[in-house]
Amino acid sequence: MTATSTPYTDWADPHWQATALDWVTDQLGRHGRRVTGPVEPRIRPWSLVWRVPTDAGDAWFKANNPGTRHEAGLLALLARRTPGRVLDPIAVDPARGWSLLPDGGESLRDVLGRDGDLSRWERVLPGYAALQLALASRVDELLAAGVPDHRPEVLPRLLAELLDDRAALLIGTADGLTPQTYDRLRGLLPDYADRCRRLAELGIGPSIQHDDLHDGNVFAAGDGYRFFDWGDASVAHPFGTLLVTLNSIGHAFELAPGDPALVRLRDAYLEAWTDRYDRATLREAAGLAIGVTKVSRALSWRRALDTADPATRARYAAAVPGWLGELLEPDPA
């Protein structure tokens, strides 16, 4: 089927929906599957998701906005280069930011809700680290697929540009930065650049960085853990993953920053690099990466809110200044 020029902002438009459903039906048909009922939508500024019932179980269609459109091509790349770590897509259309996936079953959040077994993360994190190591030699391929560049060498410039985007930071509003906080963040620019420089000097190369790896974005099937929802991903220092992961675990299990359980999970993740670097270097890199990645999170949210609908954007807009303000807060481990 040829690409349509229907804009992404027309997700609620019947013509756009008919075009997308035709694509879904055609792709499923190529795999011997048939749609058996109406789709169930979920719409966010960054994506539309349909649960698609079929005669062989549910499938999931996702359409990304321009800021997260790289996810479709990235899914195909991940499936090729790290089989078994992600779901194998039924189909992708990178140009339109469309993907069609099989059902992944229960999430890690579902499982933890039943058993509360924090040690599961000690098995999840090494598998994710293995995925990152497998892609460390594929940085050019990742960038060519449109994955944003958040490598340490680039982040100081990106932070300076973000600080110039006063509208995104909502300065002086209830949901934004206060003028005083904004001035403090501008004053951090030289120190931030120094931390990024030191992180790069440690020599641990970039890879894919999920940037939103929490228990709701991990499938926990019986044959292993698989990672999904890659719309926030960037090419970055791999250890930046620990920012969201440790923050989310700390919140879920009511653990304070620096809790020994969080340190243990950090070290379980870092273990995959111990054949290349000493543990002191890895711990230093992790601390630096967690801190500088707060800018990456703010940038990811700004991309996610690339929508023409001001009301929809306003609902989530506080996340951009919120994550940038985290530069002034303690790190989780």
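What counts, and where the lines are drawn
- Residues numbered from 1 in each chain as written.
- Predicted model: local features only at pLDDT ≥ 70, side-chain atom pairs only at ≥ 80, totals over all residues.
- Heavy atoms only, no water.
- Helix = DSSP H or I, 4+ residues; strand = E, 2+ residues; numbered from the N terminus.
- Buried < 20%, exposed > 50% of the residue type's maximum accessible area, 1.4 Å probe, protein only.
- Contact = heavy atoms within 4.5 Å.
- Phe/Tyr/Trp six-rings, centres within 6.5 Å; stacked < 30°, edge-to-face > 60°.
- Lys NZ or Arg CZ within 6 Å of the ring centre and 35° of its normal.
- Core = buried A, V, L, I, M, F, W, Y, C linked by side-chain atoms within 4.5 Å.
- pLDDT = per-residue confidence, 0-100.
- Salt bridge = Lys/Arg side-chain N within 4 Å of Asp/Glu carboxyl O.
- Pairing = 2+ DSSP bridges.
- Axes fitted to C-alpha atoms, helices over the stretch in contact; angles between N-to-C directions.

Enquirer: Quick question: what am I supposed to make of the environment of I204 here?
Expert: Turning to its location among the elements, I204 is positioned in the loop between α9 (189-201) and β7 (207-209). Residue I204 is classed as buried on the basis of its relative accessible area, which comes to 6%. C-alpha of I204 to C-alpha of L125: the two residues are 79 residues apart in sequence and 18 Å apart in space. Excluding residues that lie within four positions of it along the chain, I204 makes contacts with H237, P238, F239, W273, Y277, L282 and A285.

Enquirer: Would you explain the packing of aromatic side chains in this entry?
Expert: Think of a pair of aromatic rings as described by two things: how far the centres are apart, and how the planes are tilted against each other in angle. Following the criterion strictly, the structure yields 16 aromatic pairs and no others. Consider the rings of Y128 and Y269, whose centres lie 6.4 Å apart with planes at 25 degrees: the pair is stacked. Note that Y128 is positioned in helix α4 (residues 120-135) and Y269 in helix α11 (residues 260-270), a separation of 141 residues in sequence. Chaining the aromatic ring pairs together yields one cluster made of W16, W23, W50, F61 and W98. For R166, the ring lying beneath its charged end belongs to Y182, and the centroid distance is 4.8 Å.

Enquirer: How do you make sense of the nonpolar core when you look at a structure like this?
Expert: If you look at soluble globular proteins, the nonpolar side chains tend to sit buried side by side. The biggest cluster of nonpolar side chains holds 83 residues, and the ones touching the most others in it are W121, I208, W230, F239, Y269 and L324. Setting aside chain neighbours within four positions, we find Y269 in contact with L125, Y128, A129, Q132, P238, F239 and L242.

Enquirer: Help me understand the confidence of the model for the chain in this model?
Expert: The predicted coordinates of low-pLDDT regions are not to be read in fine detail. Scored by pLDDT, the chain has a mean of 95; 97% of the residues are at 70 or more. The model gives residues 1-7 a pLDDT under 50, and that stretch makes eleven contacts with residues more than four places away or in other chains.

Enquirer: Would you take a moment to explain the pattern of salt bridges for this structure?
Expert: For side chains of opposite charge, pairing can occur when their charged atoms come near one another. Applying the stated rule across the entire model yields 31 salt bridges. The partner of R114 in a salt bridge is E106, and the shortest N-O contact between them spans 2.5 Å. Relative accessible area serves as the criterion here: at 57%, R114 is assigned to the exposed category. The exposure class assigned to E106 is partly exposed, which follows from its relative accessible area of 35%. For D267, the salt bridge goes to R266, with nearest N and O atoms at 2.9 Å.

Enquirer: Which parts of the structure should I look at to understand the pairing of strand β2 (residues 47-52)?
Expert: Residues in a regular strand project their side chains so that they alternate between the two faces of the sheet. The element β2 is largely enclosed, with a buried count of five among its six residues. Examined bridge by bridge, strand β1 (residues 40-44) and β2 share five bridges and lie antiparallel to one another. Considered in β2, the bridge of I43 is made with L48. Taking the residues that link successive antiparallel strands as the turn, the β1-β2 hairpin has two residues. In this structure, β2 lies alongside strand β3 (residues 59-64), joined through six bridges in antiparallel fashion.

Enquirer: Can you help me understand the sheet that holds strand β5 (residues 98-102) in this one?
Expert: Taking strand neighbours across the sheet as the criterion, the five strands line up as β1-β2-β3-β5-β4 in an open arrangement whose pairing is antiparallel. This sheet does not close on itself; its edge strands, each paired only once, are β1 and β4 (91-93). Averaged over all pairs of adjacent strands, the angle between strand axes in this sheet comes to 15 degrees, irrespective of strand direction. With respect to the sheet, helix α1 (residues 14-30) is in contact with β2, β3, β4 and β5, its orientation differing from that of β5 by roughly 45 degrees. Seen against the sheet, helix α2 (residues 70-81) touches β3, β4 and β5 and runs at an angle of roughly 45 degrees to β5.

Enquirer: Sorry if this is basic, but what is going on with the sheet that holds strand β10 (residues 234-236) here?
Expert: By way of backbone hydrogen bonds, the strands of a sheet pair with one another, either parallel or antiparallel. Strands sit in the order β6-β10-β7 across an open sheet of three strands; the sheet is mixed. The sheet terminates laterally at β6 (149-150) and β7, the two strands that pair on one side only. Bridge count for β7 against β10 is three bridges, and the pairing is antiparallel. By the bridge assignment for β10, S207 is matched with A236.

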